[in-house]
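Reading the structure
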Amino acid sequence: MITRKRLSLSLKIIRALLWIFASVVLLRCAIEPGYEKIGACIAAFLLPFVPDLVETIFKIKIPFRIEILYYLFIAIAHCLGICLDLYRYVPYYDKVIHCLSGVATALIGHYIVEYFSVQRSPRLFRALFIIFFSMAIATAWEFFEFAMDKILGFSMQQLVSQGLDDTMYDLISATIGCIFGGWLMSRKGVSQYLIEK
């Protein structure tokens, strides 16, 4: 059986790997003046602290498996997608990530339902809460992308002329992920495994 100490060590190693990756990209930013990934590097340093921040503010312990999935999502969406430009070079990478984000936020929504002990509420209500919670996160992310493009001059929505199309396809992809995630979380064995301490 894996001890809590080993789990904690595993999380520290994963965080360290994310920080090493961010450091390498930051070094590339210093060597290549035209390589505009400084914002992505800063985010890569800060994002691993989010679980600790949530635990401190809300006084809850995030399950190990959820934290691992969070770091994995940072790696594939942020480090690979943004820092290594897979969004630009791999067809539909962006849409796949948005779909996965829907599944991931559905897991968070399910954990919120479990945490606040509303299991006695109708199953339909719980499923709708999880789906709409996930969709709200997806919408908030699109607001963030739009704000970064307009205020700081980024190109998170890729081509300005296709900004609306990009946003709508992102939301559709995320919604598919939200619905699938909501269904997945309704499977008791799956959900209990993921939120197990």
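What counts, and at which threshold
- Residues numbered from 1 in each chain as written.
- Predicted model: local features only at pLDDT ≥ 70, side-chain atom pairs only at ≥ 80, totals over all residues.
- Heavy atoms only, no water.
- Helix = DSSP H or I, 4+ residues; strand = E, 2+ residues; numbered from the N terminus.
- Buried < 20%, exposed > 50% of the residue type's maximum accessible area, 1.4 Å probe, protein only.
- Contact = heavy atoms within 4.5 Å.
- Areas by Shrake-Rupley, 256 points an atom, 1.4 Å probe, with all protein chains shown as cover.
- Phe/Tyr/Trp six-rings, centres within 6.5 Å; stacked < 30°, edge-to-face > 60°.
- Core = buried A, V, L, I, M, F, W, Y, C linked by side-chain atoms within 4.5 Å.
- Bend = angle between axes of the 7 residues up to and from the residue.
- Salt bridge = Lys/Arg side-chain N within 4 Å of Asp/Glu carboxyl O.
- Axes fitted to C-alpha atoms, helices over the stretch in contact; angles between N-to-C directions.
- Parallel < 35°, antiparallel > 145°, perpendicular 65-115°, else oblique.
- Left-handed = near helix turned anticlockwise from the far one by under 90°.
- Nonpolar A, V, L, I, M, F, W, Y, C, P; charged D, E, K, R; others polar.

Moving on, we come to the overall build of the protein. Secondary structure assignment for the protein yields nine helices and zero strands. Ordering the α and β elements of the protein from the N terminus gives α-α-α-α-α-α-α-α-α. Looking at the 197 residues of the protein, the share that counts as buried comes to 34%. For the protein, long-range pairs separated by at least 24 residues make up 65% of all intrachain contacts whose partners lie at least 6 apart in sequence. Accessible surface computed for the protein: about 12600 Å², of which carbon and sulfur atoms make up 72%.

So, on to the packing of aromatic side chains. Counted according to the given criterion, the structure contains four aromatic pairs. Both rings, one in Tyr70 and one in Tyr71, keep their centres 5.6 Å apart while their planes meet at 55 degrees; by these two values the pair is tilted.

Turning next to the nonpolar core. Counting residues in each nonpolar core, the largest one holds ten residues, listed as Ile60, Ile62, Ile66, Ala106, Leu107, Tyr111, Val113, Ile130, Leu184 and Met185. Secondary structure elements with two or more residues in this core: helix 6 (93-115) and helix 8 (163-185). Counting residues per element, this core draws most heavily on helix 6, which supplies four residues. Membership of the second largest hydrophobic core comes to five residues, among which are Leu11, Leu18, Ile74 and Cys79.

Turning our eyes to something else, we now look at helix 4 (residues 64-83). At Ala75, helix 4 is bent by approximately 30 degrees, the largest bend along its length. Where helix 4 is concerned, the buried positions are Ile66, Glu67, Tyr71, Ile74, Ala77, His78, Cys79, Gly81 and Cys83.

Moving on, we get to the pattern of salt bridges. Evaluation of the coordinates by the stated rule reveals five salt bridges. Between Glu67 and Arg15 there is a salt bridge whose closest N-O contact spans 3.5 Å. Of the two residues, Glu67 is situated in helix 4 and Arg15 in helix 1 (residues 4-31); the sequence distance between them amounts to 52 residues. Judged by relative accessible area, Glu67 falls into the buried class, the value being 4%. Its salt-bridge partner being Glu55, residue Lys61 comes within 3.6 Å of it at the nearest N-O pair. Lys61 sits in the partly exposed class, given a relative accessible area of 40%. Each of Arg15, Asp52 and Glu67 takes part in salt bridges that share partners, so that together they form one network.

Here we come to the packing of helix 4 against helix 6. Between helix 4 and helix 6, whose axes approach to 11 Å, the crossing angle comes to 160 degrees. What the angle tells us is that helix 4 and helix 6 run roughly antiparallel. The way helix 4 lies across helix 6 gives a crossing that is left-handed. Facing helix 4, whose interface residues are Ile66, Leu69, Phe73, Ile76, Ala77, Leu80 and Gly81, helix 6 presents Tyr93, Ile97, Leu100, Ser101, Leu107 and Tyr111. Tallied by class, residues from the contact of helix 4 with helix 6 come to eleven nonpolar, two polar and no charged.

This part takes up the side chain of Glu55. Mapped onto the elements, Glu55 comes out in helix 3 (residues 50-58). According to the relative accessible area criterion, Glu55 is buried, its value standing at 17%. Discounting chain neighbours no more than four positions away, the residues touching Glu55 are Ile60, Lys61, Ile62 and Glu67.

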